[in-house]
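Tertiary structure, described
Take a look at the letters that make up each chain.
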Amino acid sequence: MMDRGDKPEKSAEERLAKLMKAWNKAPDEARQAFLTAIAGDIAPQPEPIADGRYLTRSGIARIEAELKRRGLRPDQAMAEMGFGPRDKALTRALASGYGLRLSVISALADWLDRRD
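What you see is a predicted model, and the numbers here were worked out from it, not measured in a lab. (Residues numbered from 1 in each chain as written. Predicted model: local features only at pLDDT ≥ 70, side-chain atom pairs only at ≥ 80, totals over all residues. Heavy atoms only, no water.)

Enumeration according to the criterion identifies six salt bridges in this entry. For D113, the salt bridge is made with R62, and the minimal N-O distance between the two is 3.9 Å. You can see D113 sitting in helix α6 (residues 102-115) and its partner R62 sitting in helix α3 (residues 57-70), a full 51 residues away along the chain. For R62, a relative accessible area of 22% translates into the label partly exposed. With a shortest N-O distance of 3.2 Å, D75 and R73 are connected by a salt bridge. (Salt bridge = Lys/Arg side-chain N within 4 Å of Asp/Glu carboxyl O. Helix = DSSP H or I, 4+ residues; strand = E, 2+ residues; numbered from the N terminus. Buried < 20%, exposed > 50% of the residue type's maximum accessible area, 1.4 Å probe, protein only.)

Rendered as structure tokens:
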């Protein structure tokens, strides 16, 4: 005789399939109540500002908007993030699509997140 504690644990895929089956059977009111209940658990993620070492179009737009809003030049933003005040890497990346060091990408992401 098999003890209930001996059942193998279901995989994430099996649990999601069961949830999907219940979702398809649920009335619209129940679906809306479920979405409302979990809405606080899901935080929207901003698009990444870079793909590897290169800024994405949306990343460039976010950076340029923040620079304009604060009246900063790219080299001033670099200095604010702790890089050398004469570091032109961000200027070159914004103007000509040059790659950036990963430390600059990380600092830019943190810099933008603090302002959002």
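Another aspect to go through is α6. Across its 14 residues, α6 extends 20 Å between first and last C-alpha, which sits within 8% of the 20 Å expected from 1.5 Å per residue. For α6, the full list of buried residues reads V104, I105, A107, L108, W111 and L112. Projected onto a plane normal to the axis of α6, the buried residues spread over an arc of 165° and lie on a single side. Exposed positions of α6 whose direction lies more than 90 degrees from the buried face are L102 and R114. Among the structural elements, β1 (50-51), β2 (54-55), α3, α4 (74-80) and α5 (89-96) are those in contact with the buried residues of α6. (Expected span 1.5 Å × (residues − 1). Arc of directions from axis to C-beta. Contact = heavy atoms within 4.5 Å.)

In this section: the nonpolar core. Residues L55, I63, M81, L90, L100 and L108 are the most contacted members of the largest nonpolar core, which totals 20 residues. A total of six residues in this core trace back to one element, the largest contributor, which is α6. Here L108 is in contact with I49, L55, I63, M81, L90 and L100, once residues within four sequence places are set aside. (Core = buried A, V, L, I, M, F, W, Y, C linked by side-chain atoms within 4.5 Å.)

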